[in-house]
Amino acid sequence: MFSENRSDFAVPITGFLIIAFISLFYGINALNAEFEFFDDFMGTSILMIVSLFGIIVSGFALYKAYIVEGLSFGLLSIFAMVSESIIPGYGMTLGIIFLVFFAVFAFMSYRGGLLDLAIIDALLGISAFILLGFDVNLAVPAILTLIAGAIALYVSVCDWMFVQDIADEYAEAMYGDDCCCCGDDDCCCDDDCDDDECTCGCHHND
């Protein structure tokens, strides 16, 4: 069976999945707080747990030199954790801080060719600024957050499929040949490997 160190691929994919989960969950929670769709929505506790996991993944991303991705993962996780304890409209200073940092990360993402992450950071920065700085309808920041979550989910799934395809192609190139040849005339393939006339000691790699 083909195996290799996939940690470099796993970190950003997991990070984008966390961004997607936090953003979508946060957006749904905000809409529920505004329109009360559900009476027993357990949003806060779940967000705290996922946010802590997001901070851990952020650390791994920075360790793997995914700088802008790691910082974005971490900042969103921190935002999800602290925003629950702040009354909307009474955190203008904190909202400005989040806006500035998300704007910086968006610029660095765009500069590095990560347009999808740049859009996500921009949407989350605007959402955080509106949510913390203004006492407005929660539907506006919720929709922005949901859009960011949808983009993050799309990116993570596409990257995940791409990595799987590359791994399968590499495995096929390395171990997909079931033929063994010791010379021009001494070859065996598939079921012929059990033939007594085959002298090259062919072994399957599947």
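Computed from a predicted model, the values in this text were never measured in an experiment.

Analysis parameters
- Residues numbered from 1 in each chain as written.
- Predicted model: local features only at pLDDT ≥ 70, side-chain atom pairs only at ≥ 80, totals over all residues.
- Heavy atoms only, no water.
- Helix = DSSP H or I, 4+ residues; strand = E, 2+ residues; numbered from the N terminus.
- Axes fitted to C-alpha atoms, helices over the stretch in contact; angles between N-to-C directions.
- Parallel < 35°, antiparallel > 145°, perpendicular 65-115°, else oblique.
- Left-handed = near helix turned anticlockwise from the far one by under 90°.
- Contact = heavy atoms within 4.5 Å.
- Nonpolar A, V, L, I, M, F, W, Y, C, P; charged D, E, K, R; others polar.
- Buried < 20%, exposed > 50% of the residue type's maximum accessible area, 1.4 Å probe, protein only.
- Polar contact = N/O pair within 3.5 Å; in protein donor to acceptor, adjacent residues only side chain to side chain.
- Expected span 1.5 Å × (residues − 1).
- Phe/Tyr/Trp six-rings, centres within 6.5 Å; stacked < 30°, edge-to-face > 60°.
- Patch = residues over 30% accessible without salt bridge, like charges linked within 9 Å, V, L, I, M, F, W, Y side chains within 5 Å.
- Areas by Shrake-Rupley, 256 points an atom, 1.4 Å probe, with all protein chains shown as cover.
- Salt bridge = Lys/Arg side-chain N within 4 Å of Asp/Glu carboxyl O.
- Core = buried A, V, L, I, M, F, W, Y, C linked by side-chain atoms within 4.5 Å.

Section: unusual backbone geometry
Piece 1. Here the phi dihedral of A65 falls at roughly 75°; this positive angle occurs in a residue that is not glycine.
Piece 2. Summarising the element assignment, A65 is placed in the loop between α2 (43-63) and α3 (67-82).

Some details on the packing of α3 against helix α4 (residues 92-111)
Piece 1. With their axes 10 Å apart at the nearest point, α3 and α4 run at an angle of 160° to one another. In terms of orientation, α3 and α4 fall into the roughly antiparallel class. The element α3 and its partner α4 pack so that their crossing is left-handed. Listed contacts from α4 to V68, L71, S72, L75, L76, I78, F79 and V82 of α3 are L94, F98, F101, F102, F105, M108 and S109.
Piece 2. Among the residues forming the contact of α3 with α4, the class breakdown is 13 nonpolar, two polar and no charged.

Here we look at the side chain of S109
Piece 1. With respect to the element layout, S109 can be found in helix α4.
Piece 2. Assessed through its relative accessible area of 0%, S109 is described here as buried.
Piece 3. Separated by 2.8 Å, the side chain of S109 and the backbone oxygen of F105 make a polar contact.
Piece 4. Those residues in contact with S109 that sit more than four places away from it in its chain are V68, L114, L115, L117, A118 and D121.

Here we look at α4
Piece 1. In this model α4 runs 28 Å from its N-terminal to its C-terminal C-alpha over 20 residues, within 8% of the 28 Å that 1.5 Å per residue would give.
Piece 2. Residues of α4 that are buried sit in contact with α3 and α5 (115-133).

Focus on the side chain of S51
Piece 1. With respect to the element layout, S51 can be found in helix α2.
Piece 2. Within the local environment of S51, its side chain forms a polar contact with the backbone oxygen of L47, the two atoms lying 2.6 Å apart.
Piece 3. Apart from residues no more than four positions distant in its own chain, S51 is found in contact with I22, S77, A80 and M81.

Considerations on the packing of α3 against α5
Piece 1. Running from N to C, α3 and α5 point in directions that differ by 25°, and their axes come no closer than 11 Å. The angle between α3 and α5 places the two elements in the roughly parallel class. When the axes of α3 and α5 are compared, the crossing they make is left-handed. Here α3 contributes V68, E69, S72, L76 and F79 to the contact with α5, which in turn contributes L117, D121, L124, A128, L131 and L132.

Things to note about α3
Piece 1. A rise of 1.5 Å per residue sets the reference length of α3, with its 16 residues, at 22 Å; its end C-alpha atoms lie 22 Å apart and thus fit the reference within 8%.
Piece 2. Restricting attention to buried positions, one finds in α3 the residues V68, E69, G70, S72, F73, G74, L75, L76, S77, F79 and A80.

Topic: the packing of aromatic side chains
Piece 1. Counted by the stated rule, this structure contains seven aromatic pairs.
Piece 2. Taken together, a centroid distance of 5.8 Å and an interplanar angle of 75° make the contact between F16 and F73 edge-to-face. In this pair, F16 sits in helix α1 (residues 7-35) while F73 sits in helix α3, placing the two residues 57 residues apart along the sequence. There is no split in this pair, since F16 and F73 are both buried.
Piece 3. Judged by centre distance (5.3 Å) and plane angle (80°), the ring pair of F129 and F134 falls under edge-to-face.
Piece 4. Three or more aromatic residues joined by ring pairs form one cluster here, namely Y26, F79, F98 and F102.

A short note on the environment of L114
Piece 1. Along the chain, the position of L114 falls in the loop between α4 and α5.
Piece 2. Once residues within four sequence positions are removed from consideration, L114 is found in contact with V68, E69 and S109.

Some remarks on a nonpolar patch on the surface
Piece 1. Residues M92, I96, I97, V100, F101, V104, F107, M108, F134 and V136 make up a contiguous nonpolar surface patch of about 850 Å² in total accessible area.
Piece 2. Counting through the fold element by element, V104 comes out in helix α4.

Let's talk about the nonpolar core
Piece 1. Judged by nonpolar contacts, the single largest core of 38 residues is most densely connected at F16, I19, I22, L76, F79, F98 and I120.
Piece 2. Mapped by element, the contributors of at least two residues to this core are α1, α2, α3, α4, α5 and α6 (139-175).
Piece 3. Sorting elements by how many residues they give to this core places α1 first, with 10 residues.

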